[in-house]
Amino acid sequence: MKILGIETSCDETSAAVLSNGEVLSNIISSQLIHKKYGGVVPELASRAHQKLIIPVVDEALQISKTDLSQIDGIAVTYGPGLIGALMVGLNFAKALAYQLNLPLVGVNHMHAHLYSNFLTHKELDYPFVCLIVSGGHTQLVYVEKPLIHRLLGETLDDAAGEAYDKVAKMLGLGFPGGPQIDKLASEGNPDYVKFPRAYLDKEGFEFSFSGIKTSVLYWLKKKKYYSDVNIIKIPQDELRNLCASFQSAVVEVLVNKTFLAAEKFNVKNIAISGGVSANSELRKRLIKIGKEKNIKVFVPDMEYCTDNAAMTAFVGEMLLVRNIKSPFDLTAKANLSIEEF
Ligand code: KG4
Ligand code: ZN
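In this text, all values refer to a predicted model and were calculated from it rather than measured experimentally. (Residues numbered from 1 in each chain as written. Chains lettered and ligands numbered in written order. Predicted model: local features only at pLDDT ≥ 70, side-chain atom pairs only at ≥ 80, totals over all residues. Heavy atoms only, no water.)

Visitor: Would you take a moment to explain the site of ligand 1 for this structure?
Guide: Around ligand 1, the surrounding shell holds 18 residues, and the nearest of these are Gly135, Asp165, Asp182, Gly275 and Asn279. In the environment of ligand 1, an oxygen atom lies 3.0 Å from a nitrogen or oxygen atom belonging to the backbone of Gly178. At a separation of 2.9 Å, a nitrogen atom of ligand 1 approaches a polar side-chain atom of Asn279. For ligand 1, whose free accessible area comes to 550 Å², the fraction covered by protein is 89%. Elements with a contribution of two residues or more to the shell around ligand 1: helix 4 (160-170) and helix 5 (178-185). Residues of the shell around ligand 1, tallied by class, amount to 5 nonpolar, 10 polar and 3 charged. (Near = heavy atom within 4 Å. Polar contact = N/O pair within 3.5 Å; in protein donor to acceptor, adjacent residues only side chain to side chain. Areas by Shrake-Rupley, 256 points an atom, 1.4 Å probe, with all protein chains shown as cover. Helix = DSSP H or I, 4+ residues; strand = E, 2+ residues; numbered from the N terminus. Nonpolar A, V, L, I, M, F, W, Y, C, P; charged D, E, K, R; others polar.)

Shown next, in the form of C-alpha cells:
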C-alpha cells in the first residue's frame, strides 16, 4: 500500500510517500518568514502553505519515484492546528483524492506525533507511555495498543516549546528559541539559578510552564538585563548559566512525570515526540534514568521530531488498512482533541 501524506497544521509544509510503513520520501519546507516576528503568524502561514503545497507534493512524488497513479490513499492532517493552515492541506488533499478517485483519510496531528516513533523504531512495543512535547502541546499519553490510547495529562497553560520560545525572545535569541537555548545550556551551570519546578499535583500528570517563564523575566529584571523597549546584551557566561538553569527546571519536570506515568501503568517502554524531543538534555536524562529503571526510551530521528508528513501518512495507513476513511465533507478542526479520530 502506497500512501501520500500531507501536513500543514502549523508552519511546516510537508508531503511524504510511504510504502507499507517504509518512508520513500519526506519533504519538509519550514517557513522562515515567521522568524522576524518571534512566533508563527497564522495568516502568513496559510499563504506560505498555498505557495508551497504543490511544489512540496511534487517533490515528494519525484524523490520516491512514484506516479500519482501508484498512490492507494491520501492521508492529511485535519486538526489540531491553525485553522487557515489546516484548510490549505485538507482542501488540496480532498481535491486530489476526488480527482483520482482515491480514499481520503483525515489524521489527528497528535496521533501522528504519538505513533511517529515507529518510523524509526519498529521494535517499539505496546503498551508504552508517550510524551508529546512541541511548541503547541505538552501531553502524556498511555498507548495500550494500535489506535487505543488515553490522555493522562497535559499542560494547563504554556506548552514546553512555547516556554522555550518565549524565554528565548526575552533573551533576544530569535525564533524558534529551543535549539539556541539547548546549545547555550550545554555550556552553562544548571544550578546557577533555582527556578521553580511546577509539579502541581505530585501524583498527577498535568504540567504548567507559564510560571517559570515569569520567574525568568523577574530574574532578568532584577539583574537589569531586561527592558521593555530594547534588548540588553547579557554577558555570555550569565546567558549560558541562565539557559542551563531554565532548561534544567523544564526538563526535570518532563522527565519525572514521564517516569511516574510509566511506573504507575507498569510499562517498560517510553516514547517521546514533537519538536522539544530534539532537546539534548531531555534525551540524555530520559535515557540515563531509563537505564537505571530498566525502562526503554525511544526517541525518533530528528526529521520525525518536528512536524512532518511521514508520520501523518503512517497513521493514515494504520487507519486505511482498517478500512477507516473520511467523507469528502470532512472539515478542519483547530481544537481537535487527542481522544478524537
Ligand atoms: O513539533 P514542532 O516542530 O512544532 C509544533 O509546535 O507543533 O515543535 C517546535 C517547537 C518550538 O517551540 C521549538 O523551540 C522547540 O520545538 N524545539 C526545541 C528544540 N528544538 C526545537 N526545544 C528545546 N530544545 C530543542 N533542541
Ligand atoms: Zn506538531
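Visitor: Looking at this structure, I do not really get the packing of helix 6 (residues 210-222) against helix 7 (residues 236-264). What am I missing?
Guide: Axes are the key here: two packed helices are described by the angle between their axes and the distance separating the axes. Remark: helix 6 packs on helix 7, axes separated minimally by 11 Å, with the N-to-C direction vectors making an angle of 160 degrees. Put simply, helix 6 runs roughly antiparallel to helix 7. Here the hand of the crossing between helix 6 and helix 7 comes out right-handed. Every residue of helix 7 that contacts helix 6 at Ile212, Val216, Trp219 and Leu220 is listed here: Glu238, Leu242, Phe246, Ala249 and Val250. When the residues that make up the contact of helix 6 with helix 7 are grouped by side-chain class, the tally is 8 nonpolar, no polar and 1 charged. (Axes fitted to C-alpha atoms, helices over the stretch in contact; angles between N-to-C directions. Parallel < 35°, antiparallel > 145°, perpendicular 65-115°, else oblique. Left-handed = near helix turned anticlockwise from the far one by under 90°. Contact = heavy atoms within 4.5 Å.)

Visitor: So what exactly am I meant to see when it comes to the side chain of Thr155 here?
Guide: Within the secondary structure, Thr155 sits in the loop between strand 8 (148-154) and helix 4. Since its relative accessible area comes to 15%, Thr155 is described here as buried. Separated by 3.2 Å, the side chain of Thr155 and the backbone nitrogen of Asp157 make a polar contact. When residues no more than four places from it in sequence are discounted, the contact partners of Thr155 are Thr138, Phe207, Ser208 and Phe209. (Buried < 20%, exposed > 50% of the residue type's maximum accessible area, 1.4 Å probe, protein only.)

Visitor: Mind showing me how you'd approach the pattern of salt bridges here?
Guide: When the charged atoms of two side chains with opposite charge come close together, those side chains can pair. Evaluation of the coordinates by the stated rule reveals 12 salt bridges. A salt bridge links Lys166 to Asp158; the nearest nitrogen and oxygen atoms lie 3.2 Å apart. Look at Asp158 and you get buried, because its relative accessible area is 7%. Here Lys166 makes a salt bridge to Glu162, at a shortest N to O gap of 3.1 Å. Remark: Glu162 and Lys166 occur in helix 4; sequence separation between them is 4 residues, near one turn of the helix. Residue classification places Glu162 among the partly exposed positions, given a relative accessible area of 24%. (Salt bridge = Lys/Arg side-chain N within 4 Å of Asp/Glu carboxyl O.)

Visitor: It is not clear to me how helix 4 should be interpreted in this structure. Could you clarify?
Guide: Most of helix 4 sits inside the fold, with 8 of its 11 residues counted as buried. When we look at burial in helix 4, the residues that qualify are Ala160, Gly161, Ala163, Tyr164, Asp165, Val167, Ala168 and Met170. Buried positions along helix 4 lie against strand 6 (128-133), strand 7 (138-145), helix 5, helix 6 and helix 7. One or two positions beyond helix 4, positive phi appears at Gly172, with a value near 70 degrees.

Visitor: Is there a simple way to think about the sheet that holds strand 6 in this case?
Guide: The mixed open sheet is built from 5 strands, whose spatial order is 8-7-6-9-10. The outermost strands of the open sheet, each flanked by one partner alone, are strand 8 and strand 10 (296-298). Between one strand axis and the next, the sheet turns through 20 degrees on average, direction left out of account. Inspection of the sheet shows strand 7 paired to strand 8 by 6 bridges, in the antiparallel sense. Within the sheet, the bridge partner assigned to Leu140 lies in strand 8 and is Gly153. Relative to strand 6, helix 7 is tilted by about 155 degrees, and along the sheet it contacts strand 6, strand 7, strand 8, strand 9 (269-273) and strand 10. (Pairing = 2+ DSSP bridges.)

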